[in-house]
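# Structural overview
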Amino acid sequence: MENIELLVILEVSGLKDKEVFEKHVVKEGFIKVPDEEFVYTGTSTTTTFATKAYILEIFKKGLQKTEFDSCNMVFLLNETPYPAYTYDKMTNDFEEVK
């Protein structure tokens, strides 16, 4: 199977501890894009479905390790944009923006 190139872009407001958040994300295999705020790259060797689920899970867990006001996320898999997501504090999960 081919590697999938990932680009994840977040818009986070009120993040209390960016270091804790980024340490988690980097530990899980994402690379911080230099000179960019909340932009990460990586590669995946699984299916696009599994990769999408992994991205949502890793960033959800990272956010749950600290306090924040809100978070929106978009990502591309092999330059294909996926729908935008927003973090819903009622469900403690990312929900697709309709």
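Refer to the structure above for everything that follows.
How each quantity is defined
Residues numbered from 1 in each chain as written. Predicted model: local features only at pLDDT ≥ 70, side-chain atom pairs only at ≥ 80, totals over all residues. Heavy atoms only, no water. Helix = DSSP H or I, 4+ residues; strand = E, 2+ residues; numbered from the N terminus. Rg over C-alpha atoms; globule rule 2.2 N^0.38 Å. Buried < 20%, exposed > 50% of the residue type's maximum accessible area, 1.4 Å probe, protein only. Pairing = 2+ DSSP bridges. Polar contact = N/O pair within 3.5 Å; in protein donor to acceptor, adjacent residues only side chain to side chain.

Attention now goes to the overall build of the chain. Scanning the chain from terminus to terminus reveals two helices and seven strands. Ordered by position in the sequence, the α and β elements of the chain form the string β-α-β-β-α-β-β-β-β. The C-alpha radius of gyration of the chain comes to 13 Å, within 12% of the 13 Å expected for a compact globule of 98 residues. Overall size of the chain, expressed as C-alpha extent along the three principal axes, is 40 × 30 × 20 Å.

Here we come to the pairing of strand E4 (residues 70–77). Across the two faces of E4 the burial differs, with Cys71, Met73, Phe75 and Leu77 buried and Ser70, Asn72, Val74 and Leu76 not buried at all. Summarising the sheet, strand E1 (residues 4–13) and E4 pair through eight bridges and their orientation is antiparallel. Counted as the bridge partner of Val8 is Phe75 from E4. Alignment of E4 against strand E5 (residues 80–81), held across two bridges, turns out to be antiparallel. When the sheet's bridge partners are listed, Leu77 is paired in E5 with Thr80. In textbook terms, the turn of a hairpin is the stretch between consecutive antiparallel strands, and for E4 and E5 this stretch comprises two residues, one of which, Asn78, has a positive phi near 50°.

Here we take up the environment of Thr91. Residue position: Thr91 is located in the loop between strand E6 (85–88) and strand E7 (93–96). Taking the C-alpha atoms as reference points, Thr91 and Phe49, separated by 42 residues in sequence, lie 21 Å from one another. Polar side-chain contacts of Thr91 include one of 2.9 Å to the side chain of Glu95.

As a further point, take unusual backbone geometry. Its identity as a non-glycine residue notwithstanding, Asp35 has a phi of 65°, on the positive side. Relative to the helices and strands, Asp35 resides in the loop between strand E2 (31–32) and strand E3 (39–44).

A word on the pairing of E7. Bridge count between E6 and E7: four bridges; the pairing is antiparallel. Across the sheet, residue Thr86 finds its bridge partner in E7, namely Glu95. Hairpin connection of E6 to E7: four residues between the antiparallel strands, including Asn92 at a positive phi of 55°.

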